[in-house]
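So you can see what is in the structure, the chains are spelled out below.
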Amino acid sequence: MRATIGYTLESIGYVVGAQGLVSFASQTFFGTEWGWLHKIADLPPAAYLGIVAAGLALVAAGARTRRTPGPRELA
């Protein structure tokens, strides 16, 4: 079960981080809107870097959860 939760958190983190990165790059370098985050909220480019950080935190939490041995694995 821990592995399933870990993979799920990690997958969500990758999607959130990628969308934040794409949105930041599109606003900063091209002056356009890419991805789907701009359809949810109108944020400044710096806020998208926070979304990238949140995505990385989810990836790290998922990897840590997945690698943590469960009670049955310790015996």
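Within each chain, residues carry numbers counting from 1 in the order of the written sequence. In view of the model being predicted, local features appear only for residues whose pLDDT reaches at least 70, and side-chain atom pairs are presented and counted only at 80 or more, with totals across whole chains, interfaces and linings using the full set of residues. Excluded from the side-chain calculation are hydrogens and water; included are all heavy atoms of the structure.

**Focus on the overall build of the chain**
Labels follow the DSSP assignment, with helices taken as runs of H or I lasting at least four residues and strands as runs of E lasting at least two, numbered in each case from the N terminus. When helices and strands are counted, the chain shows four helices and zero strands. Listing each helix as α and each strand as β along the chain from the N terminus yields α-α-α-α. The 75 residues of the chain split such that 25% are buried. Only heavy atoms enter the contact rule, under which two residues are in contact if any of them lie within 4.5 Å. Considering only residue pairs separated by 6 or more positions, the chain has 61% of its internal contacts joining residues 24 or more positions apart. Each accessible area is a Shrake-Rupley result for a 1.4 Å probe, and residues are judged covered by the shown protein chains and nothing else. Carbon and sulfur atoms form 68% of the exposed surface of the chain, whose accessible area is close to 5100 Å². Under the scheme applied here, a residue whose accessible area is under 20% of the maximum for its type counts as buried, over 50% as exposed, and between as partly exposed, the area being computed with a 1.4 Å probe on protein chains only.

**Focus: the environment of Ala-18**
Relative to the assigned elements, Ala-18 resides in helix α1 (residues 2-30). Residue class for Ala-18 comes out partly exposed when judged on its relative accessible area of 39%. In the structure, Ala-18 is positioned 37 residues away from Gly-55 in sequence and 7.8 Å away in space, judged by C-alpha atoms.

**Things to note about the confidence of the model for the chain**
As a per-residue quantity, pLDDT reports the predictor's confidence and falls between 0 and 100. When pLDDT is averaged along the chain, the result is 86, and 85% of the positions lie at 70 or above. Predicted confidence in the chain is weakest over helix α4 (residues 71-74), with a mean pLDDT of 63, and strongest over helix α3 (residues 45-67), with 91.

**Digging into the side chain of Ser-26**
Relative to the helices and strands, Ser-26 resides in helix α1. In this structure the side chain of Ser-26 is engaged in a polar contact, spanning 3.0 Å, whose partner is the backbone oxygen of Ser-23. Those residues in contact with Ser-26 that lie beyond four places of it in its chain are Gly-31, Thr-32, Glu-33 and Trp-34. What qualifies as a polar contact is a pair of N or O atoms within 3.5 Å, subject to a donor-acceptor requirement within protein and to the restriction that residues adjacent in sequence count only when both atoms come from side chains.

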